[in-house]
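Secondary and tertiary structure notes
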Amino acid sequence: SSGDRKAAALHQLRLFFTALQFFTRVPVPRWVGFAPEWLNHCTRYYPLVGGLVGLAAALVYVVAAQFWPPMVAVVLSTAATVYMTGAFHEDGFADVCDGFGGGLSRERVFEIMKDSRIGAYGTVGIVLLLALKCVALASLPTVATAAGALLAGHTWSRLCSAGLIRFMDYAKEEGKAKPLGHRMSGKEFAIAVGTGVAVLLLT
């Protein structure tokens, strides 16, 4: 019935907004609400969220490149996405650098990664990561190429995270990321792949 179809569409929209809220600082409408189980199904929309972040990055880059050199435009684009995502991914990368740089055992690695403070390995890791990203993007031959790389890269990186959830087990039995640490269904992963492919075709 039309009522069932509307309810199903509304649920999918809520799942998308849940993924958007989890990965970015973009405000979502209050009517969306929240339910813990939605975190376990919103993974299908990870690439779509990545596409929106990538689109924002590309737009900032294209506009900035009209006024400043490529390196300046790339830095401004990177700053925009770091703010948009609340440095979510950079913080996670820093945790990994600190954990594997300073931990000599599995238990010690997890202990370091749970610490909210950033250490030397994390600091150096973020600096090198952002430097490599900016230099690589600034070296691309045209503005259109860099914009396409931003859009595709942000989309497919989120698809990779969905792939890890689909095919791998969570490393620990407890932790703040546990609600997302499950195996996606084949249908959910197919939706994520379809979104990623669609963005790639558009670029």
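As a reminder, the structure under discussion sits directly above these lines.
The sections below set out a description of the structure shown in this document. (Residues numbered from 1 in each chain as written. Predicted model: local features only at pLDDT ≥ 70, side-chain atom pairs only at ≥ 80, totals over all residues. Heavy atoms only, no water.)

This next bit is on a nonpolar patch on the surface. Residues Val63, Phe67, Trp68, Val72 and Leu76 make up a contiguous nonpolar surface patch of about 500 Å² in total accessible area. Tracing the sequence through the fold places Leu76 in helix α3 (residues 70–85). (Patch = residues over 30% accessible without salt bridge, like charges linked within 9 Å, V, L, I, M, F, W, Y side chains within 5 Å. Areas by Shrake-Rupley, 256 points an atom, 1.4 Å probe, with all protein chains shown as cover. Salt bridge = Lys/Arg side-chain N within 4 Å of Asp/Glu carboxyl O. Helix = DSSP H or I, 4+ residues; strand = E, 2+ residues; numbered from the N terminus.)

On to the packing of helix α1 (residues 2–23) against helix α2 (residues 46–65), then. Close contact between α1 and α2 brings their axes to 9 Å; oriented N to C, the two are set at 55 degrees. Comparing their axes, α2 and α1 come out oblique. Judged by the sense of rotation from one axis to the other, the crossing of α1 with α2 is right-handed. Along the contact surface, α1 presents Phe16, Ala19, Leu20 and Phe23, while α2 presents Tyr46, Leu48, Val49 and Leu52. Classifying every residue of the contact of α1 with α2 by side-chain character gives 8 nonpolar, no polar and no charged. (Axes fitted to C-alpha atoms, helices over the stretch in contact; angles between N-to-C directions. Parallel < 35°, antiparallel > 145°, perpendicular 65-115°, else oblique. Left-handed = near helix turned anticlockwise from the far one by under 90°. Contact = heavy atoms within 4.5 Å. Nonpolar A, V, L, I, M, F, W, Y, C, P; charged D, E, K, R; others polar.)

Turning to the state of the cysteines, a few remarks are in order. When the sulfur atoms of two cysteines share a covalent bond, that bond is a disulfide. Applying the stated criterion across every chain, the model contains 0 disulfides. Cysteine Cys97 is unpaired, with the sulfur of Cys134 as its nearest cysteine sulfur at 16 Å. A disulfide-free cysteine, Cys160 has its sulfur positioned 17 Å from the sulfur of Cys42, the nearest such atom. (Disulfide = S-S within 2.5 Å.)

Under the definition given, this model contains 9 aromatic pairs. Residues Phe22 and Phe88 carry aromatic rings whose centres are separated by 5.5 Å and whose planes lie at 70 degrees to one another, so their mutual orientation is edge-to-face. Taken together, the residues span a long stretch of sequence, with Phe22 in helix α1 and Phe88 in helix α4 (residues 88–102) at a distance of 66 residues. The exposure class assigned to Phe22 is partly exposed, which follows from its relative accessible area of 29%. With a centroid separation of 5.4 Å and an interplanar angle of 85 degrees, the aromatic rings of Phe23 and Phe88 are classed as edge-to-face. Of this pair, Phe23 sits in helix α1 while Phe88 sits in helix α4, and the two are 65 residues apart along the sequence. By relative accessible area, which is 7% here, Phe23 ends up buried. (Phe/Tyr/Trp six-rings, centres within 6.5 Å; stacked < 30°, edge-to-face > 60°. Buried < 20%, exposed > 50% of the residue type's maximum accessible area, 1.4 Å probe, protein only.)

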